[in-house]
Every structure is written in C-alpha cells, then in structure tokens.
Amino acid sequence: MWRFSLTGTGTRVHTEHTAVEAARDYWHVLDVTLSETTVSTSVGLARNLGLELVTPIRTATTRVDYEDEDRRPFSPLDPDLHHRNETVAGAGDPWLMLHAARPGAAWTTAARLGVTVPLGSTGPTPVELGRRGESHQHIQLGTGTFDPLLGLMTGRRLGAWGVTISGLARLALYENGHGYQAGHRYLLGALADRPVSRAWSASLALELQREQPERWDGRLDEEEGNLGRTDLLLTLAVVRGLSGMGGLRLALSVPLVTHARGAQLDYPLIVSVGWSR
C-alpha cells in the first residue's frame, strides 16, 4: 500500500541583533518569511512495517533595516556584508525512515528509525567571514551531514477520541566539510483528535521543541548564529475528507512559550496546508 502527502508550511520571523561599526553600535532589524513544501511518500513492506521518504523544499526571504542606538535609520558602510534583501531557496535534507508498529488491545505503539541525506546546501562559517569583513550567508538549507532519526509513538482510541503521544530526535553527530555542526533537535508532542461530522475531523496538539546550539569548527560562538532555542506550540487542525481523493488539512500553530539565546525572535503564527491520499 502506498501513501502520498503534500504539505506547505509558512511563518514570518522577526529578529534583531546589534553589531559594531567604527566603535559605534547599531541594530540589524530583520523580517524573514520562511516556507517549506514537503512531499512525503510511504510504502508498506510487510505487515506493520513500512518505508517513508520525506523531501523538503525550503524558501527564506529576508528584508533588513538598520537602526542606530536610538532606533533611528542608520546606513552602515557595507550593508550587504551581513544581511541582504534576498530570497534563498532550494532542497532541504530528505528524511528516509523505516516504520514499525505493534498493535495492542488498547494501545498501539510504533517506532521510526532513519537518517537524513545531506542534499540541502550549506556554506562556510558566517562568523569567521564576518570578522574578516567579508560577505557571508547565515541561512543553511541543510546540515551537510547524515543525521540519525529516532522516533517513538503510542496511541489509542477513547470512544470518539483518539489520543497520541510521540517523540522524535534528530542527532547531528559530526561537522560537515565547512566545519558546521547543527545542534541536536528534539520534539515531544501530545495530540487529541475526533470526528466532528461525516466529512470533518479536528485535532488539538501540544508540541515541545528543543534545538541545541550550532557549532563552527568545534566552537560555540556567543555572539552570532543559532545559540539554542525551546518552543512550546499549541496547534489546532481540521481535516476535510474527500470521497476517493484522500483529505485536506489546515493547521494553525501558536507559540505559547519561546526561549532563545542571542538574537530576539518572534513568530506569531505558523500556517500549514496539506493534502494526503
């Protein structure tokens, strides 16, 4: 049996941080629109055993303004050194995963084991290039490494309700050819869903995400880059079944708690639209 899904996800991130030019501090004020289109294909290999390939396409559009210490417009000598008004797009790292399930009288448990394939583009260290006064890129579309994936899930039906608890870890164990090592990523989620009519169903989920700091050449930079973050998200989703054509899904995620080191980050909403069959 085959299963196919297509999902588009997007959000807008606001981030600010300071820099120094001619012994004068000034602000980098960025608005970044992030989107990801994911194609997922899975096939059953045997009873309760399947193989899944997830392929992402990522886009990041950056718009930047500069302000002085008093938050007035500022013109740096080389505004293109750190950030530019640009769009970076391309393939991310595909995920290849083996799924195994064990149905029970009440609870069904499942496990996922896989690896990411380093197809997403990466570049040289932006930290060192910035210190040398050279133009650089902070956006990495992939990790440049083969990262193990480990996942566990358990769920059951309680009358009309379904309850699912799941966890997933993506482990970046070594640095790529540019000296970049992404941080480990962890996800823990709890979801409840139920049908609301013959064609519609709805779900509510809490998701805790943790991303550890990135490193360049084995070092953690305390000024730039991803210094680690934790997010607690609340997601409301609705699914509309289509007779003989699978289902459409719309999901809205709101951050309840966000904790990030370094630059200030703010994204008010994540929107996801998908179709599966």
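This text goes with the structure placed above it.
With that out of the way, let us pick up the overall build of the chain. Counting its regular elements, the chain contains one helix and 16 strands. Here the chain holds 277 residues, and 35% of them are scored as buried. Pairs at least 24 apart in sequence give 60% of the contacts found in the chain among residues at least 6 apart. On the chain, roughly 15600 Å² of surface is accessible, and the fraction owed to carbon and sulfur atoms is 60%.

Mapped onto the elements of the fold, Arg58 is located in strand S3 (residues 49–68). In the structure, Arg58 is positioned 35 residues away from Asp93 in sequence and 9.8 Å away in space, judged by C-alpha atoms. Sequence-distant contacts of Arg58, that is, excluding residues within four places in its chain, are made with Ser35, Glu36, Val88, Ala89, Gly90, Gly92 and Leu141. A polar atom in the side chain of Arg58 sits 2.7 Å from the side chain of Glu36.

Turning to the pattern of salt bridges, a few remarks are in order. Opposite charge on two side chains permits them to pair, given that their charged atoms come into close proximity. Per the stated rule, a full pass over the model turns up eight salt bridges. Across the pair Arg170 and Asp93 runs a salt bridge, and its minimum N-O distance is 3.1 Å. Here Arg170, found in strand S8 (residues 161–170), pairs with Asp93, found in the loop between strand S4 (86–91) and strand S5 (95–102); they are 77 residues apart in sequence, far enough to count as distant. Overall, Arg170 belongs to the buried group, its relative accessible area being 8%. We classify Asp93 as buried; its relative accessible area is 1%. A salt bridge links Arg185 to Glu211; its shortest N-O distance comes to 3.2 Å. With Arg185 in strand S10 (residues 185–195) and Glu211 in strand S11 (residues 200–211), this pair connects stretches of sequence that are 26 residues apart. When salt bridges that share partners are traced, they join Asp93, Asp147 and Arg170 into one network.

Scoring rules and cut-offs
Residues numbered from 1 in each chain as written. Predicted model: local features only at pLDDT ≥ 70, side-chain atom pairs only at ≥ 80, totals over all residues. Heavy atoms only, no water. Helix = DSSP H or I, 4+ residues; strand = E, 2+ residues; numbered from the N terminus. Buried < 20%, exposed > 50% of the residue type's maximum accessible area, 1.4 Å probe, protein only. Contact = heavy atoms within 4.5 Å. Areas by Shrake-Rupley, 256 points an atom, 1.4 Å probe, with all protein chains shown as cover. Polar contact = N/O pair within 3.5 Å; in protein donor to acceptor, adjacent residues only side chain to side chain. Salt bridge = Lys/Arg side-chain N within 4 Å of Asp/Glu carboxyl O.

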